[in-house]
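Chain and residue survey
Spelled out, the chains give:
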Amino acid sequence: MSPDRRSWIHAWLLLMPAAIVLIGFTYYPAVGTVVESLWTNGTVIRPSKFAGWDNYAQVLGDPVFRKVFRNTVLFALGTVPPAITLALLMALWVNGGLAGRALVRLAYFTPTILPMIAVANIWLFFYTPGIGLLDQIGHGLGVEGHNWLGDADTALACIMVMTVWKEAGFFMIFYLAALQTLPPDLIEAARLEGAGRWTIFRRITFPLLMPTTLFVLINALLNSFKLVDPLFVLTKGGPDNATNLLLYYIYETGFSFFDGAYAATLTVVLLTLLAGIALTQFAVLDRRIHYR
Amino acid sequence: MSHLEIRGLSKQWGGITAVKEVSLIAERGSFTVLLGPSGCGKSTLLRMVAGLEEPSAGHILIDGRDVAHVDPAKRGISMVFQSYALFPHLTVAENITFGLRVRKVPKAERNRRLVQVAELVDLSAYLDRRPAQLSGGQRQRVALARAVIAEHAVCLMDEPLSNLDAKLRHAMRMELRALQRRLGMTVLYVTHDQTEAMSMADQVALMNGGTVVQSGPPEVLYKDPATTFAARFLGAPPMNILPLRPVMGGMALAADPLDRPLMRATLPDGCALGLRPEDLILAPNAPQAPGLPVSVISEDYHGADTVLGLRITSTGSADPHDPKGEILVRLPGRVSAERQGIQRLSWRDDAARLFGPDGKKRDPSPRIPPPQGPAQEPE
């Protein structure tokens, strides 16, 4: 055996463990999903047959999908900008010379440490009609009780508030790390030039934090499209699909309605959306962001 | 342009005193250098003048107005940082005009001044670039331009050349000095590099341990150091500080094993003689030649000159591995002194300085002539 060939065999042997895991759990399912989305759902009586674009046509005509998609977009708009703004404000706040700031930082970060299911259970207690924290406070103030999660008008907003509460602390850590790498010279130079705090933030700090903002923005958006756990605890997508989000709908389609082919189609749609968002953000924002 | 005066300025951090009652006057249009080793308080002093540190006590007067507790932006100063502190996301033009924009100077006026200043520091071709696309020297110029365009009374500079390589530093030194002269800026400049201080300053304030040890024109500090610290800090190689001790008939060098008196006067213990390496004269040994017999123990060739390390010897067999009591002498050109032979050491008239036991120059200083006539021969 030539030494050249032997080193090739070595290389493949070394790559094999990772390759097996990646192919078995990532590439094969991904390709499988795309393939499945092009076939009908097979049962014992009616075997699966090639459907072409039929499943995708069904997505376009599906009123539940439209509602779920609208919910997901609303959810992204309602959670991402507030979470990022809040994260930045908290980071600026605890970056300064604040007494007991280690404690404040910890407090802000705590929601991130908690599992989403636990968070959902805590907030379930807040939102419960009659005995929940919100209603109890309402009682004290003489306001009538409200079924926060049972009302189609408020349910999605309730989940948004909870998500912002959970995510903001996590994003704060990134902003805090970025703020601490900013050279203090720059701020001093700006101060000497007569810039006030707001001007320094607007013209120096914020632009220099843009790479962090981009990173956080992409993560927040992807997270908001992937959110599913609290729905199991809080609303199961109800009432009347008012809180149903894309991933939860896929789960329902696949494992409650056992329509694997349609679930695969929805998955492909979701992945395409996510890839589209990520690419757009990188392409559009990258040009306007200074990287050191 | 403006007159800067510092009166009794102090800064304490907890129990540590970084700057201790420093007083200093920088005349209108003068170039004043704060020189000293790291940790001597020179940067803290500059930052207090800038308004980036709050002084614990004392006054800072710019044209007679006390600005010690005034907002930095309202002091009428500009500053060049060691790191340049350029805004990486702004272009060169935006960096230079940043302050003008903040102060809402009209656009036409801004552009007029930008063109003028860019011309001055030779940056006209680079106005659209980002700092990351510039060389070290060009970044330095941007920082300078940003300080100059404000047309402020006083310009502070915190080791602005320390990030440049040696060749560029030399060129920038010349440029900076020329610019300062042309614009008549009052400059307060911090450095630990004595060459920068010597070549640019009208006035050097030498600092150590939070206080100004000596201030004056560089040539005065060099010729007439007030303390042994000043004597050793300025000059490369530094001034030789040779301890004296009382012997029969006067004072002799402590390093001289034969106790040959150099002067008749009796001085307290701990006094020392200061001699610049370039003021020393080395002559070949001859039976009746004047001067102290020395042997060469080291040789350091620099191109234009050679620095020899000498020891006073009694027998000519000095231990070449013992650098203690080494006397440095600077001689022009390449000197290949015979390492084994004995040489005769003397010095120029008026070259010797005398320091007391407290390290301060003794005043009035007795004149110490070079060793005259036939010195005592080693037996």
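What counts as what
Residues numbered from 1 in each chain as written. Chains lettered and ligands numbered in written order. Predicted model: local features only at pLDDT ≥ 70, side-chain atom pairs only at ≥ 80, totals over all residues. Heavy atoms only, no water. Helix = DSSP H or I, 4+ residues; strand = E, 2+ residues; numbered from the N terminus. Rg over C-alpha atoms; globule rule 2.2 N^0.38 Å. Buried < 20%, exposed > 50% of the residue type's maximum accessible area, 1.4 Å probe, protein only. Contact = heavy atoms within 4.5 Å. Areas by Shrake-Rupley, 256 points an atom, 1.4 Å probe, with all protein chains shown as cover. Buried area = accessible area lost by both parts, 1.4 Å probe. Salt bridge = Lys/Arg side-chain N within 4 Å of Asp/Glu carboxyl O. Nonpolar A, V, L, I, M, F, W, Y, C, P; charged D, E, K, R; others polar. Pairing = 2+ DSSP bridges. Axes fitted to C-alpha atoms, helices over the stretch in contact; angles between N-to-C directions. Parallel < 35°, antiparallel > 145°, perpendicular 65-115°, else oblique. Left-handed = near helix turned anticlockwise from the far one by under 90°. Core = buried A, V, L, I, M, F, W, Y, C linked by side-chain atoms within 4.5 Å. Polar contact = N/O pair within 3.5 Å; in protein donor to acceptor, adjacent residues only side chain to side chain. pLDDT = per-residue confidence, 0-100. Phe/Tyr/Trp six-rings, centres within 6.5 Å; stacked < 30°, edge-to-face > 60°.

**A closer look at the overall build of chain A**
Across its full length, chain A holds 13 helices and zero strands. The globule rule puts the C-alpha radius of gyration for 292 residues at 19 Å, and the 24 Å found for chain A is more than 25% above it. Counting the 292 residues in chain A, one finds 39% classified as buried. Contacts in chain A between residues at least 24 apart in sequence constitute 67% of all its contacts with a sequence separation of at least 6. Taken as a whole, chain A presents about 16400 Å² of accessible surface, with 70% of it coming from carbon and sulfur.

**Quick look at the overall build of chain B**
Within chain B, the secondary structure is distributed over nine helices and 19 strands. In terms of its C-alpha atoms, chain B occupies a principal-axis envelope of roughly 85 × 45 × 35 Å. Expressed as a percentage of its 379 residues, the buried residues of chain B come to 52%. Sequence separation of at least 24 residues holds for 67% of the intrachain contacts in chain B that already meet a minimum separation of 6.

**Focus: the interface of chain B and chain A**
When the parts of a complex come together, some accessible area is lost, and that lost area is often used as the size of the interface. Contact with chain B, which involves 23 residues of that partner, is made by 17 residues of chain A. Taken over both partners, the interface formed by chain B and chain A buries close to 1900 Å², and the fraction arising from carbon and sulfur atoms is 65%. Summed over the three residues of chain B that lose the most area to chain A, namely P88, H89 and F98 of chain B, the buried surface amounts to 29% of that side. For the pair chain B and chain A, the interface holds three salt bridges. Of the charged contacts, one joins R146 of chain B and E193 of chain A as a salt bridge, the two residues approaching to 4.0 Å between their closest N and O atoms. Listing elements by their share of the side of chain B that touches chain A, those giving two or more residues are α1 (42-50), β6 (77-80) and α3 (98-102) of chain B. Per element, the largest residue contribution to the side of chain B that touches chain A is four residues, and it comes from α3 of chain B. Looking at the side of chain B that touches chain A residue by residue, the class counts come to 14 nonpolar, four polar and five charged.

**Regarding the pattern of salt bridges**
Residue and element names in this part refer to chain B. Per the stated rule, a full pass over the model turns up 17 salt bridges over all chains. Note that D279 and R348 form a salt bridge whose closest N and O atoms lie 3.8 Å from each other. Of this pair, D279 sits in the loop between β13 (272-275) and β14 (280-284) while R348 sits in the loop between β18 (342-347) and β19 (353-355), placing them 69 residues apart in sequence. Linked through salt bridges whose partners overlap, the residues forming this network are E109, R112, R113 and E151.

**Concerning the pairing of strand β8 (residues 186-191) of chain B**
On a regular strand, one side chain projects to one face of the sheet and the next to the other, so that they alternate. Residues and elements named next belong to chain B. Within β8, six of the six residues are buried, which leaves the element mostly enclosed by the surrounding structure. Burial of the side chains of β8 extends over both faces: T186, L188 and V190 are buried on one face and V187, Y189 and T191 on the other. Pairing analysis gives five bridges linking strand β3 (residues 31-35) to β8, with the strands arranged parallel. Bridging from a neighbouring strand, T32 pairs with L188 of β8. Bridge count between strand β7 (residues 154-158) and β8: five bridges; the pairing is parallel.

**Observations regarding the sheet that holds strand β5 (residues 65-66) of chain B**
Residues and elements named next belong to chain B. An order of β2-β1-β4-β5 is seen for the four strands of this open sheet, with the pairing classed as antiparallel. Each edge of the open sheet carries a strand with a single partner, namely β2 (16-26) and β5. Sheet topology places strand β1 (residues 4-13) next to strand β4 (residues 57-62); five bridges connect them, and they run antiparallel. If you follow L4 over to β4, its bridge partner there is I62.

**As for the packing of helix α7 (residues 155-181) of chain A against helix α10 (residues 210-226) of chain A**
All names here are of chain A. Remark: α7 packs on α10, axes separated minimally by 10 Å, with the N-to-C direction vectors making an angle of 165°. With respect to each other, α7 and α10 are oriented roughly antiparallel. Seen from above, α7 lies across α10 with right-handed handedness. Contacts between α7 and α10 involve E167, F171, F174, Y175 and A178 from the first element and T212, T213, F215, V216, N219, A220 and N223 from the second. Partitioned by chemical class, the residues of the contact of α7 with α10 number seven nonpolar, four polar and one charged.

**A look at the side chain of E193 of chain A**
Positionally, E193 of chain A belongs in the loop between α8 (184-192) and α9 (197-208). The residues touching E193 of chain A, leaving out its near neighbours within four places in the chain, are F98, G99, V102, R103 and R146 of chain B.

**Describing the nonpolar core**
If you look at the biggest cluster of nonpolar residues, it comprises 81 residues, and the most contacted ones within it are L45 and L156 of chain B. Broken down by element, this core gets its largest block of residues, eleven residues, from helix α3 (residues 63-95) of chain A. Apart from the residues lying within four places of it in its own chain, the contact partners of L156 of chain B are L46, V49, A50, I77, S78, M79, V80 and L188 of chain B. Listed in part, the 44 residues of the second largest apolar core include V121, L176, A197 and A201 of chain B.

**Things to note about the environment of R139 of chain B**
Residues and elements named next belong to chain B. Relative to the helices and strands, R139 resides in helix α5 (residues 136-149). For R139 and L120, which are 19 residues apart along the polypeptide, the C-alpha to C-alpha distance reads 14 Å. Among all residues touching R139, those that are not within four sequence positions of it are Y84, L86, P131, A132 and L134. Among the polar contacts listed, one links the side chain of R139 to the backbone oxygen of P131, at a separation of 3.2 Å. Of the polar contacts made by the side chain of R139, one reaches the backbone oxygen of L134; its length is 3.1 Å.

**Some details on the confidence of the model for chain A**
When pLDDT is averaged along chain A, the result is 84, and 97% of the positions lie at 70 or above. When mean pLDDT is taken per element in chain A, helix α1 (residues 3-37) of chain A scores highest with 91 and helix α6 (residues 133-141) of chain A scores lowest with 79.

**Overview of unusual backbone geometry**
All names here are of chain B. With omega at -5°, the peptide bond leading from A236 into P237 counts as cis. Within the element layout of this structure, P237 appears in the loop between α9 (228-233) and β11 (240-247). We note that D63 has phi near 50°; this positive angle belongs to a residue other than glycine. Turning to its location among the elements, D63 is positioned in the loop between β4 and β5. Of note in the backbone geometry, D122 takes a positive phi value of approximately 65° without being a glycine. On the secondary structure map, D122 appears in the loop between α4 (107-120) and α5.

**Some points on the packing of aromatic side chains**
Residue and element names in this part refer to chain A. In total, this model carries 17 aromatic pairs over all chains according to the counting rule given. Relative to F69, the ring of F65 lies with its centre 5.9 Å away and its plane at 25°, an arrangement referred to as stacked. Of this pair, F65 and F69 both sit in helix α3, four residues apart, which is roughly one turn of the helix. We classify F69 as partly exposed; its relative accessible area is 29%. Judged by centre distance (5.9 Å) and plane angle (45°), the ring pair of F170 and F171 falls under tilted. Since its relative accessible area comes to 33%, F170 is described here as partly exposed.

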